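What follows is the residue order along each chain.
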Amino acid sequence: MKKVLLAVIAVFLLSPCVYATKFVSIIKNEGTVQIKTPDGELITYKSGDKIPELLYGSKIIAGSKPVSIQFFRTAVIVLEKNQGIFFTKNPISKRIEIFKLETKSTHPNIKLLLPENITAQFGGDTKIALKEQFPTIYLEVKTGLVTVKEPEGAVYRLQCGDDYEAKQSLRSLLKNDF
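Right, let's walk through the structure included here.

About the cut-offs
Residues numbered from 1 in each chain as written. Predicted model: local features only at pLDDT ≥ 70, side-chain atom pairs only at ≥ 80, totals over all residues. Heavy atoms only, no water. Helix = DSSP H or I, 4+ residues; strand = E, 2+ residues; numbered from the N terminus. Buried < 20%, exposed > 50% of the residue type's maximum accessible area, 1.4 Å probe, protein only. Contact = heavy atoms within 4.5 Å. Areas by Shrake-Rupley, 256 points an atom, 1.4 Å probe, with all protein chains shown as cover. Phe/Tyr/Trp six-rings, centres within 6.5 Å; stacked < 30°, edge-to-face > 60°. Pairing = 2+ DSSP bridges. Axes fitted to C-alpha atoms, helices over the stretch in contact; angles between N-to-C directions. Polar contact = N/O pair within 3.5 Å; in protein donor to acceptor, adjacent residues only side chain to side chain. Core = buried A, V, L, I, M, F, W, Y, C linked by side-chain atoms within 4.5 Å.

Description of the overall build of the chain
Helices and strands together make up the secondary structure of the chain, namely two helices and 15 strands. Within the span of the chain, comprising 178 residues, buried residues form 38% of the whole. Of the contacts formed within the chain by residues at least 6 apart in sequence, a portion of 51% connects residues at least 24 apart. A total accessible area of about 10,500 Å² is found for the chain, and carbon and sulfur atoms account for 55% of it.

Right under this line is the structure:
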């Protein structure tokens, strides 16, 4: 019984240091990007540098140029100059949780690109969660407000507890818009 309990405790203690490579990656870096790992190590990468595998519990901060971070190969967060995010994975719901870091950025909102040219924006008081069940990605608002704009012109203001479902069509999968 003690061995099982120790194994469970070890899993929870080591879970923040799990690699997010399969679900989270930096796909575009035109300037510099700073990554602060869960153990506090801060490393700056320049455009063209090979960025190593990301760990859940990391902070990502853009330098003077935009940085694009892909989640589940279907959603992309674009960080503008000096913007930053923190991301982790909820071990129970299996959703990736994201919130904006308070930085010296003059841009108040983080931009999130979803399938089918749907855009969303959220501010510093907002925490979101993403989950994929291919070809659908689910956006859940944990705290704060999220504004979602569809290409047809519809605008939705989501608040705490609301979910938004974005499906990819076969046509966009073949194009690979991201």
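Text resumes after the structure shown.
Quick word on the packing of aromatic side chains
Describing an aromatic ring pair means giving the distance of the ring centres and the angle of the ring planes. Applying the stated criterion across every chain yields a total of five aromatic pairs. A centroid spacing of 6.1 Å and a plane angle of 70° characterise the contact between Y56 and F87, whose relative ring orientation is edge-to-face. Here the residue Y56 occupies a position in the loop between β3 (42-46) and β4 (58-62), and F87 occupies one in strand β7 (residues 84-89), the gap between them amounting to 31 residues. Across the pair, exposure class does not vary: Y56 and F87 are buried alike. Centre to centre, the rings of F86 and F99 are 5.2 Å apart; their planes meet at 40°, and the pair counts as tilted. Taken as a pair, F86 in strand β7 and F99 in strand β8 (residues 96-100) lie far apart in primary sequence, 13 residues in all. Put simply, the rings of Y56, F71 and F87 pair up and form one aromatic cluster.

Details of the sheet that holds strand β10 (residues 118-122)
Strand order in the open sheet formed by seven strands is β1-β5-β6-β9-β10-β13-β14, and the pairing between neighbours is antiparallel. Only two strands of the sheet have a single neighbouring strand rather than two, namely β1 (24-29) and β14 (155-159). Here the average twist between neighbouring strands, direction ignored, is 25°. Here strand β9 (residues 110-114) pairs with β10 via five bridges, running antiparallel. The residue bridging L112 from the neighbouring strand is A120, located in β10.

Focus on the side chain of S105
Considering the arrangement of structural elements, one finds S105 in the loop between β8 and β9. Within the local environment of S105, its side chain forms a polar contact with the backbone nitrogen of H107, the two atoms lying 3.0 Å apart. Excluding residues that lie within four positions of it along the chain, S105 makes contacts with K81, N82 and Q83.

Observations regarding the nonpolar core
In this structure, I60, F71, I98 and L139 are the most contacted members of the largest nonpolar core, which totals 36 residues. Beyond its immediate chain neighbours, meaning those up to four positions away, F71 contacts F23, V24, I77, I85, F87, I96, I98, L130 and I137.

A short note on the environment of P52
Among the structural elements, P52 can be located in the loop between β3 and β4. Exposure remark for P52: the relative accessible area of 41% places this residue in the partly exposed category. Taking the C-alpha atoms as reference points, P52 and I26, separated by 26 residues in sequence, lie 9.5 Å from one another.

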